Amino acid sequence: MVEVRAHDRPGLLWRIGRAFGECGLDVRAARVETLGAEAVDVFYVVDRAGRPLSDEAQRAQVRDQVLAALR
């Protein structure tokens, strides 16, 4: 599960989705909400084999990619 809280703006979901793709992840489900000007999105992601992320290095890579996408 990856939770993203950010200021909502055009293309935000696309940038987050692209970051997941660059990490080799698939989104199985998502809950996307906008509360005022803020986006609160939760993504349930798995690797290409359908497994949840268990490797800490892979989680760190995902975190870094998503944060870079938000800049």
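Owing to the predicted nature of the structure, the values given are computational and were not obtained by experimental measurement.

*Asks:* Which residues make up the pattern of salt bridges, and what values do they have?
*Replies:* Taken as a whole and judged by the stated rule, the model has seven salt bridges. Here Arg48 makes a salt bridge to Asp26, at a shortest N to O gap of 2.6 Å. Taken together, the residues span a long stretch of sequence, with Arg48 in the loop between strand S3 (38-47) and helix H2 (56-70) and Asp26 in strand S2 (residues 25-35) at a distance of 22 residues. Since its relative accessible area comes to 56%, Arg48 is described here as exposed. For Asp26, a relative accessible area of 27% puts it in the partly exposed group. A salt bridge links Arg63 to Asp64; the shortest N-O distance between them is 3.9 Å.

*Asks:* Describe the sheet that holds strand S1 (residues 2-7), and please don't skip the residues or the numbers.
*Replies:* Pairing between the strands of a sheet is mediated by backbone hydrogen bonds and can be parallel or antiparallel. What the three strands build is an open sheet, ordered S1-S3-S2; its pairing is antiparallel. This sheet does not close on itself; its edge strands, each paired only once, are S1 and S2. On average, each strand axis in the sheet is inclined to that of its neighbour by 20°, with strand direction left out of account. Contacting S1, S2 and S3, helix H1 (residues 12-22) runs over the sheet at an angle of about 20° to S3. H2 contacts S1, S2 and S3 of the sheet and is inclined by roughly 20° relative to S1.

*Asks:* Before we move on, could you go through H1 and cite the residues and values that matter?
*Replies:* Residues of H1 that are buried: Leu12, Ile16, Ala19 and Phe20. Each buried residue of H1 sits inside an arc of 100° when the element is viewed along its axis, so together they form one side. Contacts made by the buried residues of H1 are with S1, S2, S3 and H2.

Calculation criteria
- Residues numbered from 1 in each chain as written.
- Predicted model: local features only at pLDDT ≥ 70, side-chain atom pairs only at ≥ 80, totals over all residues.
- Heavy atoms only, no water.
- Salt bridge = Lys/Arg side-chain N within 4 Å of Asp/Glu carboxyl O.
- Helix = DSSP H or I, 4+ residues; strand = E, 2+ residues; numbered from the N terminus.
- Buried < 20%, exposed > 50% of the residue type's maximum accessible area, 1.4 Å probe, protein only.
- Pairing = 2+ DSSP bridges.
- Axes fitted to C-alpha atoms, helices over the stretch in contact; angles between N-to-C directions.
- Contact = heavy atoms within 4.5 Å.
- Arc of directions from axis to C-beta.

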